[in-house]
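If you want the building blocks of each chain, they are given just below.
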Amino acid sequence: MTSRDEEKRQAAQRAIGYVEPGSVIGVGTGSTVAHFIDALGAIADHIHAAVSSSEQSTARLKQHGIRVIDLNAAGELAVYVDGADECDPRRRLIKGGGAALTREKIIAAASRTFVCMIDSSKRVDMLGKFPLPLEVIPMARDYVARQIAKRGGRPVWRENVVTDNGNWILDVHDWKIADPLALETELNQITGVVCVGLFAHRPADIVLIGDSVMT
Ligand code: 5RP
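What comes next is a walk through the structure. (Residues numbered from 1 in each chain as written. Predicted model: local features only at pLDDT ≥ 70, side-chain atom pairs only at ≥ 80, totals over all residues. Heavy atoms only, no water.)

1. A short note on the side chain of Asn167
And then number 1: Mapped onto the elements, Asn167 comes out in the loop between strand 8 (154-157) and strand 9 (168-173).
And then number 2: At 2.9 Å, the side chain of Asn167 and the side chain of Glu135 are in polar contact.
And then number 3: If near-sequence neighbours (up to four positions away) are discounted, Asn167 is found in contact with Glu135, Val136, Ile137, Pro138, Val161, Val162 and Val194. (Helix = DSSP H or I, 4+ residues; strand = E, 2+ residues; numbered from the N terminus. Polar contact = N/O pair within 3.5 Å; in protein donor to acceptor, adjacent residues only side chain to side chain. Contact = heavy atoms within 4.5 Å.)

2. Quick look at the packing of helix 1 (residues 3-15) against helix 2 (residues 31-41)
And then number 1: The N-to-C vectors of helix 1 and helix 2 enclose an angle of 45 degrees; their axes lie 8 Å apart at closest approach. Taken as axis vectors, helix 1 and helix 2 run oblique relative to one another. Both helix 1 and helix 2 take part in a crossing whose hand is right-handed. Packed against helix 1, whose contacting residues are Asp5, Lys8, Arg9, Ala12, Gln13 and Ala15, the element helix 2 presents Ser31, Thr32, His35, Phe36 and Ala39 at the interface. (Axes fitted to C-alpha atoms, helices over the stretch in contact; angles between N-to-C directions. Parallel < 35°, antiparallel > 145°, perpendicular 65-115°, else oblique. Left-handed = near helix turned anticlockwise from the far one by under 90°.)

3. Here we look at the site of the ligand
And then number 1: If you check the shell around the ligand, you find 17 residues, and the closest are Ser31, Thr32, Asp85, Lys95 and Lys122.
And then number 2: The side chain of Asp85 places a nitrogen or oxygen atom 2.7 Å from an oxygen atom of the ligand.
And then number 3: Computed on the free molecule, the ligand has an accessible area of 380 Å², of which 91% lies beneath the protein chains in the complex. (Near = heavy atom within 4 Å. Areas by Shrake-Rupley, 256 points an atom, 1.4 Å probe, with all protein chains shown as cover.)

Here's what the structure looks like:
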């Protein structure tokens, strides 16, 4: 295991401490979340169920005998646990490297506390080194790409990837994101954009880096 993997595993183990007994837990997507689900398996009897952000996480949760329920049947969740691709000092994130950003953002919005687990390489002063994922309606791909180019970004279609919602992903390179709140608001206005992988309006509440909490 690399040191980054070890930090992800440590963060996932620490995130278990935020899981409330008897609750429905929101679960994100990715390699860090895979560690979290494996750790959750050990306490599967202590939680009621999970709400999952992807088919990938659903399959892993079920392998561990954890019941997966629809968000519409769960009401407000106490805790959502997920990874991220970048995190700034105000706990604002870039997410979507695993193409699950839309469902992740919905579950984060529906949760009281968002616990984010990262390795230390993902901590940045300014978001934007990691290409910003946008989920787009397939027929709008070229239109959205032109709107992004006008704003100075370099959109690259993530070919051969279809999201769980049947949409496509554009990864926007070469953007230094000085004002994440304003950019998230602006990109949300582009017709054909389903979801922006910027989590600035709904940042993480707690960020775990390896076995420590970000301060
Ligand atoms: C998936 C995500 C992931 O949380 C993000 O890509 C981090 O992944 P990993 O834990 O594998 O490094 O946003 O859409």
